[in-house]
Amino acid sequence: MRAVAYYKKGDIHFSSTLPEPKINSPDEVLIEVSYCGICGTDLHEYTDGPIFFPKDGETNPLSNIPLPQPMGHEFSGFVKAIGSNVTKVEVGDKVVVEAGCGCKDVHRWPDSKLYEKRKDTFCSACENGIDNCCENYDFTGLGVVGGAFAERVVVGERHIVKLPEEVPTDVGALVEPISVAWHAVRVSKFEKGKSALILGAGPIGLAAILALKAHGASKIVVSELAERRRILASKMGVEVFDPSKHGDNAVTELRNIPRGQHGFDYAFDCSGVKATFNTALKALSFRGCAVNVAIWGPKPIDYYPMEITLQEKNLTGSIGYTVQDFEEVVAAMHKGDISIEECRHLITGKYKLEDGWDKGFMELMNHKEKNIKILLTPNNHSELD
Ligand SMILES: [Zn+2]
Ligand SMILES: [Zn+2]
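Rules behind the numbers
Within each chain, residue numbers correspond to sequence positions counted from 1 in written order. Both sets of labels track the order of writing: A upward for chains, 1 upward for ligands. Only residues with pLDDT of at least 70 are given local features in this predicted model, and only at 80 or more are side-chain atom pairs given and counted; all residues enter the totals for whole chains, interfaces and linings. Note that the side-chain values use all heavy atoms of the structure and ignore hydrogens as well as water. UniProt positions are given in the numbering used here, feature names are shortened, and annotations may be inferred rather than shown by experiment. To qualify as a helix, a DSSP run of H or I must reach at least 4 residues; to qualify as a strand, a run of E must reach at least 2; elements of each kind are numbered from the N terminus. Two N or O atoms form a polar contact when they lie within 3.5 Å of each other; inside protein one atom must be a possible hydrogen donor and the other a possible acceptor, and for residues adjacent in sequence the pair counts only when both atoms belong to side chains. Note that water is not among the atoms considered, so a metal site may appear incomplete; the donors listed are N, O and S atoms within 2.8 Å of the metal, with 3.2 Å applied to Na, K and Ca. Any site counts as irregular unless it has four donors with all angles between 85 and 135 degrees, making it tetrahedral, or four or six donors with opposite ones more than 155 degrees apart and the rest between 65 and 115, making it square planar or octahedral. Only protein chains enter the accessibility calculation, which uses a 1.4 Å probe; a residue whose area is less than 20% of its type maximum is buried, one above 50% is exposed, and one in between is partly exposed. Residues enter a patch when their relative accessible area is above 30% and they make no salt bridge; the linking distance is 9 Å between like charges and 5 Å between nonpolar side chains (Val, Leu, Ile, Met, Phe, Trp, Tyr). Note on areas: Shrake-Rupley with a 1.4 Å probe; residue coverage comes only from the protein chains shown. Think of a salt bridge as a Lys or Arg side-chain nitrogen and an Asp or Glu carboxyl oxygen that are within 4 Å of each other. Domains are outlined according to an automatic or database domain assignment. The term buried area refers to how much accessible surface (probe radius 1.4 Å) is lost by two components on association, counted for both of them together. Following the grouping adopted for this structure description, the nonpolar residues are Ala, Val, Leu, Ile, Met, Phe, Trp, Tyr, Cys and Pro, the charged ones are Asp, Glu, Lys and Arg, and the polar ones are all others, Gly among them. Note on pairing: DSSP must find at least two bridges between two strands before they are called paired. Here the axes come from fitting lines to C-alpha atoms, over the contacting stretch only for helices, and the angles between their N-to-C directions go from 0 to 180 degrees. Angles are sorted into four bins: roughly parallel if under 35 degrees, roughly antiparallel if over 145, roughly perpendicular if 65 to 115, and oblique for all others. What makes two residues a contact is simply this: any of their non-hydrogen atoms within 4.5 Å.

The chain carries the name Enoyl reductase (ER) domain-containing protein in an unreviewed UniProt entry, which gives Naumovozyma dairenensis as its organism. Turning to the chain, the UniProt record has this under Cofactor (unreviewed entry): "Zn(2+)".

Here is the structure:
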């Protein structure tokens, strides 16, 4: 099968000889991939990895499947075949797939090191339905099992959400990054009519605009250094802020923007540097909530705890998503709370699988400022299929 696969750190390439994925468990579904987005995490796996992928010579504990594996975890497609117990979808359905994997997937892989322990008893997070906090949380397309920079992919039926007719497959591939932001908004316990600050206008920061609008935010401000990204954010109808223009006064200026000039009710750090982390806390109103959505390297940073204490602020984090987030994002697209046309602002390129490395990965690494989301089309589908 044709795929762009992860071999090891510094080695991701196209191959036409990857093994064809097969349905091995009665709850599995074979999907023909329409579009799959390249994620910042995919780039990190190349430059700094393996992070989610197994190390050289090792295998993922959930599946025990070795490298190389096709990458790709942000995808849409059509159901091609279903296992004997599948009831959620039928052959021909247009779908998206929640890519998280944990205890509830181990039963699919009898060779897994965790098979005996987890085939029918789960870790406490999974037991409580908080699947994204699983002690073995990982992703399809990031080391557990082959992903969707490939012609076909096999997934468990519980991860699948059907796409309504009016949501095209290219926008379908954005449901995953939008679900990351949607989950963060859900974790913050966002209340309609409140104000929100987004730090960083990369793919997740822009997705957070869509999620916050759908949740009825009264005011959304995006703080971003890169001009191109600020332009994109303002096209999506929010106020933008260039912190470099305000020097030491940036936080004070930000705090003055919301009504009453008392700071923001919510702040989402989608950037993940010391300055944005601290700005998220400082720009908050009393009892406001700051959410760290960014993925950080292993180095700790300084912050002042009284920043939280004196005005009883909340600081929390958000990781990945659950199927519920995918269902809610798709429903919001269906209702028009998330605009399909606005979603398209996030797509900055569409390429064939064969060009995935040169025009996809390399373009994103060399021209970060110009790009948001590049999609690969393994079967050369058009969004109209
Ligand atoms: Zn991703
Ligand atoms: Zn678990």
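(A) Spotlight on the side chain of Asn-60. If you trace the backbone, Asn-60 turns up in the loop between α1 (40-47) and β4 (69-70). A polar contact is formed between the side chain of Asn-60 and the side chain of Asp-138, at a distance of 2.9 Å.

(B) How the structure looks around the coordination of the zinc ion (ligand 2). Note on the zinc ion (ligand 2): its protein donors are Cys-103 (SG), Cys-123 (SG), Cys-126 (SG) and Cys-134 (SG). The metal-donor distances range over 2.3 to 2.4 Å. Considering all 4 donor atoms around the zinc ion (ligand 2), angles at the metal cover 101 to 116° and the coordination shape is tetrahedral. Mapped onto the polypeptide sequence, the residues donating to the zinc ion (ligand 2) form the spacing pattern C-x19-C-x2-C-x7-C. Of this pair, Cys-123 sits in the loop between α2 (115-118) and α3 (124-127) while Cys-134 sits in the loop between α3 and β8 (138-139), and the two are 11 residues apart along the sequence. With respect to class, Cys-123 is no different from Cys-134; both count as buried.

(C) Geometry of the coordination of the zinc ion (ligand 1). Each protein donor to the zinc ion (ligand 1) is listed here as Cys-39 (SG), His-73 (NE2) and Glu-74 (OE); together their distances run 2.2 to 2.4 Å. Along the chain, the residues donating to the zinc ion (ligand 1) are arranged with the sequence spacing C-x33-H-E. In this pair, Cys-39 sits in the loop between β3 (28-37) and α1 while Glu-74 sits in strand β5 (residues 74-82), placing the two residues 35 residues apart along the sequence.

(D) Structural context of the UniProt feature "domain: Alcohol dehydrogenase-like C-terminal" (unreviewed entry) in the chain. As recorded in UniProt, the sites labelled "domain: Alcohol dehydrogenase-like C-terminal" (unreviewed entry) are residues 203-333. Across residues 203-333 one finds 39% helix and 21% strand; the C-alpha atoms that close the span lie 18 Å apart.

(E) Structural detail: a nonpolar patch on the surface. Side chains of Tyr-304, Met-306 and Leu-310 sit close together on the surface and give an oily, nonpolar patch of about 340 Å² of accessible area. Mapped onto the elements of the fold, Leu-310 is located in the loop between α10 (306-309) and β16 (314-317).

(F) Representation of the pattern of salt bridges in the model. For the coordinates displayed, the defined rule picks out 25 salt bridges. Across the pair Glu-32 and Lys-80 runs a salt bridge, and its minimum N-O distance is 3.9 Å. Of the two residues, Glu-32 sits in strand β3 while Lys-80 sits in strand β5, which places them 48 residues apart along the sequence. On the accessibility criterion, Glu-32 (17% relative accessible area) is buried. Judged by relative accessible area, which is 43%, Lys-80 ranks as partly exposed. As a salt-bridge pair, Asp-170 and Arg-344 come within 3.1 Å of each other at their nearest N and O atoms.

(G) Region of the structure containing the domain arrangement of the chain. Once the domains are mapped, the chain shows domain 1 (3-174 + 346-377) and domain 2 (178-317). Taking only C-alpha atoms into account, the centre of domain 1 sits 29 Å from that of domain 2. Interface area for domain 1 against domain 2, summed over the two sides, is near 890 Å², with a carbon-plus-sulfur share of 65%. Area buried by domain 1 at its contact with domain 2 is led by Leu-346, Glu-369 and Ile-372, which between them contribute 58% of it. Here domain 1 is connected to domain 2 by 0 salt bridges. The interface formed by domain 1 and domain 2 holds 4 residue pairs in polar contact (both at pLDDT 80 or more) in total. For the side of domain 1 that touches domain 2, the class distribution of residues is 3 nonpolar, 2 polar and 4 charged.

(H) Molecular detail of unusual backbone geometry. Put simply, Gly-49 and Pro-50 share a cis peptide bond, and its omega is -5°. Relative to the helices and strands, Pro-50 resides in the loop between α1 and β4. With an omega dihedral of -5°, the bond running from Leu-67 to Pro-68 counts as a cis peptide bond. Its location among the elements puts Pro-68 in the loop between α1 and β4. A positive phi angle, near 55°, is found at Arg-287, a position not held by glycine. In this structure, Arg-287 sits in strand β15 (residues 284-292). Although it is not a glycine, Asn-380 sits at a positive phi angle of roughly 50°. Considering the arrangement of structural elements, one finds Asn-380 in the segment after β18 (373-377). Asn-380 gets classed as partly exposed once you look at its relative accessible area, which sits at 48%.

(I) Spotlight on the sheet that holds strand β1 (residues 3-8). The 3 strands lie next to each other as β2-β1-β4, forming an open sheet whose pairing is antiparallel. Lying at the two open borders of the sheet, with one neighbouring strand each, are β2 (11-15) and β4. Here 2 bridges tie β1 to β4, and the two strands are oriented antiparallel to one another. Looking at β4, one finds that Tyr-6 is bridged to Gln-69.

(J) Representation of the packing of α1 against helix α13 (residues 356-366) in the model. At a minimum axis distance of 10 Å, the contact between α1 and α13 shows a crossing angle of 90°. One finds that α1 runs roughly perpendicular with respect to α13. In contact with Asp-42, Leu-43, Tyr-46 and Thr-47 of α1, α13 contributes Trp-357, Phe-361, Leu-364 and Met-365.

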